[in-house]
Amino acid sequence: MLDTLRTLFLTALHAFHRRATVQYPEQKPYLPPRYRGRIILSRDPDGAERCVACNLCAVACPVDCISLQKTEADGRWYPEYFRINFSRCIFCGFCEEACPTYAIQLTPDFEMGEYARPNLVYEKDDLLISGTGKYPDYSFYHVAGIPVPGKDRGASERERPPVDLHSLLP
Amino acid sequence: MTYSAFFTIILTPLVILGLATVLTWVERRLLGLWQDRYGPNRVGPGGMFQAVADGTKILFKQDWIPPFADRGVFILAPAIGMMTVLLSFAVIPVTMGMGIAGDMNVGLLFVLGMMGLGVYAVVLAGWSSNSKYALLGGMRAAAQMISYEVFMGLSLLGVVMMAGSFNLHDIVAAQAGVWFIIPQCLGFGVFMLAGIAQTHRLPFDLPEGENELGAGFHTEYSGMKFGMFFIAEYAGIVLVSSLVTTLYLGGWRGPFLPPAMWFALKTGVMIIFFILLRASLPRPRYDQLMALGWKILLPLSLLNVMATGTILMLRAS
Ligand code: SF4
Ligand code: SF4
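Residues numbered from 1 in each chain as written. Chains lettered and ligands numbered in written order. Predicted model: local features only at pLDDT ≥ 70, side-chain atom pairs only at ≥ 80, totals over all residues. Heavy atoms only, no water.

Thoughts on the side chain of Ser 301 of chain B
All names here are of chain B. Using the following cut-off: Each helix is a run of H or I in the DSSP string that is no shorter than four residues. Each strand is a run of E no shorter than two, and both are numbered from the N terminus. Any pair of N or O atoms that falls within 3.5 Å is considered a polar contact. Within protein, one atom must be able to donate a hydrogen and the other to accept it, and sequence-neighbouring residues count only if both atoms are side-chain atoms. Note on contacts: a residue pair is in contact if any heavy atoms of the two residues lie within 4.5 Å.
Looking at the secondary structure, you find Ser 301 in helix H11 (residues 286-316). Reaching out from Ser 301, the side chain makes a polar contact with the backbone oxygen of Leu 298 at a distance of 2.9 Å. Aside from chain neighbours lying at most four places away, what touches Ser 301 is Phe 151, Leu 154, Ser 155 and Val 190.

Details of the confidence of the model for chain B
Stated formally: What pLDDT conveys is the predictor's confidence in a given residue, as a value from 0 to 100.
Residue-level pLDDT values for chain B average 84, and 99% of them are 70 or greater. Our summary of model confidence lists the complex with pTM equal to 0.78 and ipTM equal to 0.74.

Focus on the pattern of salt bridges
The following threshold applies: Here, a salt bridge means any Lys or Arg side-chain nitrogen found within 4 Å of an Asp or Glu carboxyl oxygen. Exposure categories follow from relative accessible area, calculated using a 1.4 Å probe and restricted to protein chains: below 20% of the type maximum is buried, above 50% is exposed, and the middle band is partly exposed.
Scanning all chains against the criterion turns up 13 salt bridges over all chains. In this structure, Glu 123 of chain A and Arg 83 of chain A form a salt bridge, with 2.8 Å as the shortest nitrogen-oxygen distance. Here Glu 123 of chain A is found in the loop between strand S5 (121-122) and helix H4 (124-127), whereas its partner Arg 83 of chain A is found in strand S3 (residues 76-85), with 40 residues between them in sequence. Take Glu 123 of chain A: its relative accessible area is 30%, and that puts it in the partly exposed class. Each of Arg 140, Glu 212 and Arg 283 of chain B takes part in a single network of salt bridges with overlapping partners.

Let's talk about the site of ligand 1
Let me state the cut-off plainly: It suffices for a single heavy atom of a residue to lie within 4 Å of a molecule or strand for the residue to be listed as near it. Only Asp, Glu, Lys and Arg are considered charged, only Ala, Val, Leu, Ile, Met, Phe, Trp, Tyr, Cys and Pro nonpolar, and every remaining residue, Gly among them, polar.
Looking at ligand 1, there are 13 residues lining it, with Cys 61, Cys 89, Cys 92, Gly 93 and Cys 95 of chain A nearest. Residues belonging to the shell around ligand 1 are distributed by class as follows: 12 nonpolar, 1 polar and no charged.

Thoughts on the site of ligand 2
Around ligand 2 there are 14 residues in total, and Cys 51, Cys 54, Asn 55, Cys 57 and Cys 99 of chain A lie nearest to it. Broken down by class, the residue content of the shell around ligand 2 amounts to 12 nonpolar, 2 polar and no charged.

A closer look at the packing of helix H5 (residues 132-163) of chain B against H11 of chain B
Residue and element names in this part refer to chain B. Formally: Axes here mean lines fitted to C-alpha atoms, for a helix over just the part in contact, with angles spanning 0 to 180 degrees between N-to-C directions. Angles below 35 degrees are treated as roughly parallel, those above 145 as roughly antiparallel, those between 65 and 115 as roughly perpendicular, and all remaining angles as oblique. Should the near helix be turned anticlockwise from the far one by less than a right angle, the crossing is termed left-handed; should it be turned clockwise, right-handed.
Here H5 crosses H11 at 15 degrees, and the two axes come no closer than 9 Å. One finds that H5 runs roughly parallel with respect to H11. Between H5 and H11 lies a crossing whose hand is left-handed. Here the contact of H5 with H11 is built from residues that sort into 18 nonpolar, 9 polar and 1 charged.

Topic: the nonpolar core
Spelled out, the test is: By nonpolar core is meant a set of buried Ala, Val, Leu, Ile, Met, Phe, Trp, Tyr and Cys residues that side-chain atoms within 4.5 Å join together.
Of all hydrophobic cores here, the largest spans 63 residues; its most connected members are Phe 89, Leu 108, Ile 171, Leu 243, Val 244, Leu 247 and Tyr 248 of chain B. Core analysis: the second largest hydrophobic core is formed by 23 residues, Cys 65, Ile 84, Phe 86 and Leu 127 of chain A among them.

Put into structure tokens, the structure is as follows:
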């Protein structure tokens with residue numbers, strides 16, 4: 001009996017507590033930088049596309065919502081098209097973890113509601129941003145061993161020039 | 001019949017229905033307040049028109065009758081629920097002049113009778129739905145009814161004895177000196193519990209029991225038939241609150257403010273108390289409710305009747 005009354009009283013006291021609700025559209029919640037929201041494709045510091053169309057993200061994706069096609073230009077690989085179906089994406093972030101070039105990244109933006117389902121299929125134009133995303137200094141071709149126009153074999157960071165097999169000098 | 005009486009008869013159900021509809025919003029806001037959140041606050045100022053939006057939505061919902069249900073009874077059940085509650089309001093005296101039949105000589109008995117009939121809505125709904133959850137809900141309603149109906153009537157006897165009348169006007173008039181909640185505090189407590197059980201409100205919403213019976217007796221109902229159960233429940237809260245006001249809190253009596261205001265104020269406080277109960281108390285098992293009813297509340301209300309009678313007799317002699 002008494003504890004019932006006590007319960008009633010304590011509940012009534014809650015009228016004076018602060019409310020926990022975040023009034024969403026007016027009051028945005030803080031989302032940390034590593035929040036897993038809308039996916040983007042980033043560029044390296046030189047402004048070139050980071051994605052090398054290796055297909056690792058598409059393989060890692062548990063719901064198979066990434067689709068891309070490789071093409072070659074200027075001695076390197078690019079995605080000819082890059083398509084993410086956000087009506088299937090579960091924002092698990094596996095694609096970001098799989099990507100060897102930091103090209104594909106998840107961002108703290110989740111406001112991508114649409115009235116028509118086809119509008120949720122994002123093409124490369126929608127995905128590609130002009131910045132570097134979360135990794136401002138990283139450039140895949142500056143650390144990778146393969147030669148590209150403007151960078152010869154052995155000219156990467158932390159890479160020694162290749163051994164000259166025809167030379168007898170040490 | 002005069003015009004004004006005619007208007008009152010038309011107007012009262014409309015006011016009650018409107019009130020019950022608004023109450024759905026009030027309840028959600030208050031529950032929100034007590035649970036440290038907001039509740040519906042988007043439609044209109046403070047979410048005020050939420051009830052209108054919900055009502056519109058439920059009106060346009062498909063009103064589906066399951067093929068396995070007993071059609072006639074299935075349709076009849078919500079109508080009974082709605083009707084008994086609305087009819088009960090006929091004898092509630094808001095003020096001396098307001099109200100349809102405030103000084104009917106068996107007013108209180110009429111209300112009790114209507115409340116007794118109201119159980120049919122739940123039991124028949126559960127029975128005619130022909131599904132196990134609905135049946136269990138209806139059965140619980142019956143079990144609940146036989147445990148609270150008895151002490152509900154008995155708890156009111158104290159008031160009737162003190163006022164010497166079943167007429168609700170006379171009962172309010174008899175509270176000119178002191179409200180019956182003071183001499184009849186035991187009866188008040190018992191009647192409150194019976195009232196909660198009568199309206200199937202938490203903590204005594206066993207026939208509904210969302211978390212174990214789906215939705216209990218109205219599991220199979222949809223559209224406006226469900227809406228009618230819903231509105232009848234809220235109208236039931238208003239009914240029990242106004243009954244408590246009339247019987248124990250001195251009805252329209254009070255200083256300074258006009259009588260109608262006093263009545264609304266007291267009823268409002270009771271309604272808020274009902275919602276507070278919902279916000280804080282867990283639901284007992286139905287055997288616990290029956291044990292509470294028969295083993296504690298029935299003896300208590302008998303004791304109350306006996307004590308009241310003794311005191312009245314001593315005072316008279
Ligand atoms: S976040 Fe997960 S589901 Fe979405 S595209 Fe990346 S791997 Fe696929
Ligand atoms: S986004 Fe990354 S993982 Fe996917 S194809 Fe491009 S480089 Fe490979």
